[in-house]
Amino acid sequence: FGNNTVGNKNFEGIYYQRWYSNIAGYKQIRNKFFTGLRFNSSYTYNIKNNFIDTNFLQQQAGANKSNIVGIGPTLLWDFRDHPLSPSQGFYTEVGVTWHAPWLGSQFNYTEWLLDARKYFLIGQYS
């Protein structure tokens, strides 16, 4: 770590398998303005490492496997000229996702989302 970072040949890696989903559903409230619900889940398992220091992750929560589940509201403003291939306009999404044991999550935390994009037409295309 820091000034003592090792080269790639001596890197101690973590290998794992993971199932992940991030799903959101929206309802149009007004022209270009949507509100919705976001669902997030992640299951990480088969965690293996090649650490020289075998105690590095032993006491850490989620060292063997982890399960994350979250849900929360989202707001979206979409003023792009085309949703799949925009060349001008803007897109903004704001949301919050709560992860909690009552949802089935192993950890309790809040995730905030801010996605703001501005599109500019740089040159002509055909």
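Thresholds applied
- Residues numbered from 1 in each chain as written.
- Predicted model: local features only at pLDDT ≥ 70, side-chain atom pairs only at ≥ 80, totals over all residues.
- Heavy atoms only, no water.
- Helix = DSSP H or I, 4+ residues; strand = E, 2+ residues; numbered from the N terminus.
- Buried < 20%, exposed > 50% of the residue type's maximum accessible area, 1.4 Å probe, protein only.
- pLDDT = per-residue confidence, 0-100.
- Contact = heavy atoms within 4.5 Å.
- Pairing = 2+ DSSP bridges.
- Axes fitted to C-alpha atoms, helices over the stretch in contact; angles between N-to-C directions.
- Phe/Tyr/Trp six-rings, centres within 6.5 Å; stacked < 30°, edge-to-face > 60°.
- Lys NZ or Arg CZ within 6 Å of the ring centre and 35° of its normal.
- Patch = residues over 30% accessible without salt bridge, like charges linked within 9 Å, V, L, I, M, F, W, Y side chains within 5 Å.
- Areas by Shrake-Rupley, 256 points an atom, 1.4 Å probe, with all protein chains shown as cover.
- Salt bridge = Lys/Arg side-chain N within 4 Å of Asp/Glu carboxyl O.

Draft legend 1. Looking closely at unusual backbone geometry. Unlike most non-glycine residues, Lys 32 shows phi in positive territory, near 70°. Position of Lys 32 relative to the elements: it lies in the loop between β1 (14-30) and β2 (33-49). A positive phi angle is found at Asn 46, which is not glycine, with a value near 50°. Within the secondary structure, Asn 46 sits in strand β2. Owing to a relative accessible area of 41%, Asn 46 belongs among the partly exposed residues under this scheme.

Draft legend 2. Quick peek at the confidence of the model for the protein chain. Confidence in the prediction for the protein chain averages 87 pLDDT; 85% of positions are at 70 or higher. Here β2 stands out as the element of the protein chain with the lowest mean pLDDT, 92, in contrast to strand β4 (residues 89-99), whose mean of 97 is the highest.

Draft legend 3. Representation of the side chain of His 99 in the model. By secondary structure assignment, the location of His 99 is in strand β4. Apart from the residues within four sequence positions on either side, His 99 is in contact with Asn 40, Ile 68, Val 69, Gly 70, Ser 105, Phe 107, Asn 108, Tyr 109 and Glu 111.

Draft legend 4. Highlighting the sheet that holds β2. Pairing is antiparallel in the open sheet, where 5 strands are placed in the order β1-β2-β3-β4-β5. Looking at which strands have only one partner, the edges of the open sheet turn out to be β1 and β5 (109-119). Averaged over all adjacent pairs, the angle separating strand axes in this sheet is 15°, with direction ignored. Across 11 bridges, β4 lies against β5 in antiparallel orientation. The residue bridging Glu 93 from the neighbouring strand is Asp 115, located in β5.

Draft legend 5. Local environment of the packing of aromatic side chains. Across all of its chains, the model carries 3 aromatic pairs by this definition. Stacked on the ring of Tyr 91, the Lys or Arg Arg 117 has its end atom at 4.6 Å from the ring centre. Sitting above the plane of the Phe 120 ring, Lys 118 keeps its charged end 5.3 Å from the centroid.

Draft legend 6. Main features of a nonpolar patch on the surface. Taken together, the side chains of Leu 75, Val 94 and Leu 114 present a nonpolar region at the surface, about 260 Å² in accessible area. The residue Val 94 is located in strand β4 in this model. Val 94 gets classed as partly exposed once you look at its relative accessible area, which sits at 33%.

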